Amino acid sequence: MKKSIHSLTPDRRTILKGAAAVGALQIASPFVIPVWAADAVKIGIANPLTGTYAATGKNEQIGMQLAAEQINAKGGILGRKVELLFEDSTSGDAGTAVQKTRKLIERDRVNFLVGNVNSALAQAMAQVSNEKGVLHIVPGGHTDPITGKDCKWNVFRVCNTTRMEANAVSTLLFKTYGKKWHFITPDYAFGHTLYQGCEANLKKLGGTVTGNELTPLGITDFSAYLIKARAANPDVLVVLVQGNDMVNCLKQISQFGIDKQIHIAGTQQELEAVEAMPPEARVGVWMFEWYWKQAASQPGLDQFIAEIRKKSGGKVPTARTWFGYVTIHSYALACAKAKSIEAKTVAKALSDMELPPEVKLQPNKVFFRGGDHQLMLSAFIGQLNSKGDGDPENLFKVNSVVAGESIAPSIADTGCKMQMPA
Amino acid sequence: MTSGRMRQGAILAAIWAALIFAPYWMPLFGGYTALGTRVLAIGLGAMSVNFLLGFTGVLSFGHAAWFGLGAYGAGLCLKWIAASTPLGLLAGTLLGGIAGGLLGALLVRRRGIYFAMVTIAFGQVFYYIAFQWSSLTGGDDGLRGFARQPLHLGFATINILNDATAFYYFALLCFAIVVGIMGFILRSPFGHTMIAIRENERRARFLGIAVELHIWIAFTLSCFFMAFSGALYAMVNNFADPRMLHYSLSGDFVIMAVMGGMRTFWGPLLGAVVFVVLQDYISSITVNWMSFIGLMIVAIVLFFPRGLLGLLRQRKAA
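What counts, and at which threshold
- Residues numbered from 1 in each chain as written.
- Chains lettered and ligands numbered in written order.
- Predicted model: local features only at pLDDT ≥ 70, side-chain atom pairs only at ≥ 80, totals over all residues.
- Helix = DSSP H or I, 4+ residues; strand = E, 2+ residues; numbered from the N terminus.
- Rg over C-alpha atoms; globule rule 2.2 N^0.38 Å.
- Buried ≥ 20, exposed ≤ 12 C-beta atoms within 10 Å, placed from the backbone.
- Contact = placed C-beta atoms within 7 Å.
- Nonpolar A, V, L, I, M, F, W, Y, C, P; charged D, E, K, R; others polar.
- Axes fitted to C-alpha atoms, helices over the stretch in contact; angles between N-to-C directions.
- Left-handed = near helix turned anticlockwise from the far one by under 90°.
- Domains from an automatic or database assignment.
- Pairing = 2+ DSSP bridges.
- Core = buried A, V, L, I, M, F, W, Y, C linked by C-beta atoms within 7 Å.
- Parallel < 35°, antiparallel > 145°, perpendicular 65-115°, else oblique.
- Arc of directions from axis to C-beta.
- Right-handed = clockwise from strand over helix to strand, strands pointing away.

> Teacher, can you tell me more about the overall build of chain A here?
If you tally the helices and strands in chain A, you get 17 helices and 14 strands. Compactness check: chain A gives a C-alpha radius of gyration of 24 Å against a globular reference of 22 Å for 422 residues, within 12% of the reference. Counting only C-alpha atoms, chain A reaches 85 × 50 × 45 Å along its principal axes. Burial status across chain A gives 53% buried among its 422 residues. Of the contacts made within chain A by residues no fewer than 6 positions apart, 70% connect residues no fewer than 24 positions apart.

The structure is reproduced here in structure tokens:
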């Protein structure tokens, strides 16, 4: 376009400016940087780095980076270097996650895909990865359909399903606290299926729901919902929100003194959220999906904690760090088993693959269930430690570690009909 | 005069040549075909906003609502009614255009900041409907489970679903048709009336022009164009979500129009190219990509108030 203008009305200023622009382009143009070495195995990650799930997304990133370093130190995947490409998917904007997924697949031509912490974004990404036939591991989006009725041959999941979380704690909550439950639920895929799971379990146990407050993702003021919940006078207030929303909600619960009147509990709790809370807000019975301080010693656990401390400014690993670590190691292990990086072959190798001790870092058998591609990981059930009991980093007291298989619904109940492509 | 017309012709030819050969030259600069398709859909949206802003002088801050309605119309049609790409585009265009036209009738009595505020309010109404009506729209999770369909032309089938280049040319054809209609309207007596209203509304009224009616027609047309671009965008991603209706996206469209040059026909397309490409590239490097776009807007508004294309024109005229 510019050229045609020049040829028609040559003008010294324009030419000078054009020359300056071309010169600037040579220095500034980001596009002339050569793409990655062709022989690397590229893993594209679209995960939250901003917003309410930023802390969890960043910890998954640290876990992934550690795994990639370990794999590369041992010769990479089938002799090829592992390269991680991170994109910020935002915490709640599914459109951006779809766009980033398409960019990773179409521009960067990644071999494998990872994402997302947010269930809704994970579902949206899974549709794209399936359309493009790219193997995809969901490291931290819990909603049931991902490995349930929407399960896909190319999609695997590392974290629990919402139903597994509900099953892990429902009976305990019911026995410990009582039968009238009130819910605070994030208004998107994750919250919807987690609530359904808890409600179904509660009904089975003979309890009642006094109300369910649906809160938009990323809100900071829970007061209206909390006042309603208190007025309903339940035995337990079940908090299902996550990320910064969890921090804000529990802070406000303790400010209003609701925890003195009603038991506070929930299903999934995360160390990222607990660390960000004031001590008085650390209350209730919860489950962690992985916890660093374990009763029995596990091979490789101490080394994992030490390595993560080095990468995270001295902090202990969280379930999210572990998810990221497991995700990348799973790809490497499956590729080694399949002797290929072709999506369908690796998908077959991942099905029913058991994680070795130095990756699973927990007592029970941990494996990807072939029928729904869901990882069977243990649930760490216990109580928040408000002050840490002498160890300020130990903010959770694990009462029991339950094997994933015992809390997971059967494959028929998940609604998944897995169809591998021919 | 003739040299001016020749120059205009040359510029037009250059724009179309750049667009037609985009799948071939973009990869040389690190681009990819799907990015080009996205630029076309978003650029068409920015040109639709500018149809109203630049040529009628009315600022709508809620145009994303019609964009999003177009997207949902296309998605829902593909998902539930018929798996046909042209029908999806039509359904989206009608949904967004008719909704915009109906509400436009209520809007045209307001001017300036009041008009802009009411458009935000109406836009947010649709945003919250899309957010809350989970059973139909998928709520905050977005609408999944639809995909653009291959085109059946009777004698041949074009696979625009899996062939990115074929889809780019399909989008370019759609873009060309809509831009052609836009250009035709602007050259017609009606288009000149729009510009007369922009330049001096009171004088236009004294000349006997039904100002409200003309603004309403311009608004409605702009909504139809916007909804069409939204429907096209839904097919780029095979996805729609409530944020496509949010006023912050309306703001992005206005930014593209202002950045590119809102008194020019092609300016908003240039603005969209800059906006989308910068976002695509910088967001891979830093999560603070918006700061760079923000700095750029500040620079453009301060130093080139007529936008990037306006700057080129102005210098030529001087």
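> Would you mind showing me how to read the interface of chain B and chain A here?
Quoted interface sizes are often the accessible area lost when the parts come together. Counting residues at the interface gives 30 residues for chain B, matched by 29 residues for chain A. Elements with a contribution of two residues or more to the side of chain B that touches chain A: helix H1 (2–20) and helix H13 (267–285) of chain B. Residue contributions to the side of chain B that touches chain A peak at seven residues, all from H1(B). When grouped by side-chain class, the residues that make up the side of chain B that touches chain A number 15 nonpolar, seven polar and eight charged.

> Looking at this structure, I do not really get the packing of H13(B) against helix H14 (residues 289–303) of chain B. What am I missing?
Between two packed helices, what matters for the description is the angle formed by their axes and the separation of those axes. Residues and elements named next belong to chain B. At a minimum axis distance of 9 Å, the contact between H13 and H14 shows a crossing angle of 145°. The way H13 lies across H14 gives a crossing that is right-handed. Packed against H13, whose contacting residues are Phe275, Leu278, Gln279, Ile282 and Ser283, the element H14 presents Trp289, Phe292 and Ile293 at the interface. Looking at the contact of H13 with H14, its residues break down into six nonpolar, two polar and no charged.

> Could you clarify how one ought to interpret the domain arrangement of chain A in this entry?
Residues and elements named next belong to chain A. When cut into domains, chain A gives domain 1 (41–160 + 296–377) and domain 2 (163–288). A C-alpha centroid distance of 28 Å is found between domain 1 and domain 2. Facing the 19 residues of domain 1 at the interface are 17 residues of domain 2. Contributing elements (two or more residues each) for the side of domain 1 that touches domain 2: helix H3 (54–73), helix H5 (119–132) and helix H13 (319–338). Residue composition of the side of domain 1 that touches domain 2, by class: four nonpolar, 13 polar and two charged.

> Sorry if this is basic, but what is going on with the sheet that holds strand S14 (residues 396–402) of chain A here?
Adjacent strands of a sheet pair through backbone hydrogen bonds, lying either parallel or antiparallel. All names here are of chain A. On the basis of which strands lie adjacent, the open sheet formed by seven strands has the order S7-S6-S8-S9-S10-S13-S14 and mixed pairing. Each edge of the open sheet is held by one strand with a lone partner, namely strand S7 (208–215) and S14. Each neighbouring strand pair of the sheet contributes to a mean axis angle of 25°, computed without reference to strand direction. Contacting strand S6 (180–186), S7 and strand S8 (236–239), helix H8 (residues 223–231) crosses the sheet at an angle of about 175° to S7.

> Sorry, what's going on with the nonpolar core here?
When a protein is soluble and globular, its nonpolar side chains tend to lie buried together. Counting residues in each nonpolar core, the largest one holds 211 residues, and the members touching the most others are Ile43(A), Val239(A), Ala227(B) and Leu232(B). The biggest single contributor to this core is helix H11 (residues 211–237) of chain B, with 16 residues. Built from parts of two domains, this core gets at least three residues from each of domain 1 (41–160 + 296–377) and domain 2 (163–288) of chain A. Grouped together as the second largest cluster of nonpolar side chains are five residues, Leu49(A), Tyr53(A), Ala54(A) and Val117(A) included.

> Mind showing me how you'd approach the environment of Ala231(A) here?
Residues and elements named next belong to chain A. Locating alanine 231 in the fold gives a position in helix H8. Overall, the presence of 11 C-beta atoms within 10 Å leaves alanine 231 in the exposed class. Considering only alpha carbons, one finds alanine 231 and threonine 210, 21 residues apart in sequence, at a separation of 9.9 Å.

> Sorry if this is basic, but what is going on with the packing of helix H3 (residues 33–53) of chain B against helix H8 (residues 164–187) of chain B here?
Residues and elements named next belong to chain B. Closest axis-to-axis distance for the H3/H8 pair is 9 Å, and the angle between their directions is 15°. If you check the angle between H3 and H8, you find them roughly parallel. Crossing hand, H3 versus H8: left-handed. Between H3, through Thr33, Ala34, Gly36, Thr37, Leu40, Ala41, Leu44, Met47 and Phe51, and H8, the contact on the second element is made entirely by Ala164, Thr165, Phe167, Tyr168, Ala171, Leu172, Phe175, Val178, Val179 and Met182. By residue class, the composition of the contact of H3 with H8 is 15 nonpolar, four polar and no charged.

> Hey, could you run me through H8(A) in this one?
For an α-helix, 3.6 residues make a turn, and residues three or four places apart therefore share a direction. All names here are of chain A. All of the buried residues along H8 are Tyr225, Leu226 and Ala229. One face of H8 carries all of its buried residues, which in axial projection span an arc of 95°. In H8, those exposed residues whose orientation departs by more than 90 degrees from the buried face are Ser223, Ala224, Ile227 and Ala231. Turning to H8, the residues buried within the fold contact S6, S7, S8, helix H9 (243–256) and helix H10 (258–261).

> Just checking my understanding: could you explain the pairing of strand S9 (residues 263–268) of chain A for this structure?
Working note: regular strand, side chains alternate between the two faces of the sheet. All names here are of chain A. Buried residues dominate S9, accounting for five of its six residues. Pairing of S8 with S9 involves four bridges; the strand directions are parallel. From the neighbouring strand, valine 239 faces S9, where its bridge partner is glycine 266. In terms of strand pairing, S9 meets strand S10 (residues 285–288) through two bridges, oriented parallel. When the sheet's bridge partners are listed, glutamine 268 is paired in S10 with methionine 287. Taking the sense of rotation as the criterion, the β-α-β connection linking S9, helix H11 (residues 271–276) and S10 turns out right-handed.

> What exactly am I supposed to notice about the pairing of strand S2 (residues 82–88) of chain A here?
All names here are of chain A. Counting buried residues in S2 gives five out of seven residues, a clear majority hidden from the surface. In the sheet, strand S1 (residues 41–47) pairs with S2 via seven bridges, with the strands oriented parallel. Bridge pairing in S2 places isoleucine 43 opposite leucine 84.

> Before we go on, may I ask you to explain the environment of Cys198(A) in this structure?
Residues and elements named next belong to chain A. Positionally, cysteine 198 belongs in helix H7 (residues 189–205). A tally of 28 C-beta atoms within 10 Å means that cysteine 198 is categorised as buried. Residues cysteine 198 and phenylalanine 183, spaced 15 residues apart in sequence, show a C-alpha to C-alpha distance of 9.4 Å. Ignoring sequence-local partners within four residues, the contact set of cysteine 198 consists of Ala166, Ser170, Phe183, Val238 and Thr267.

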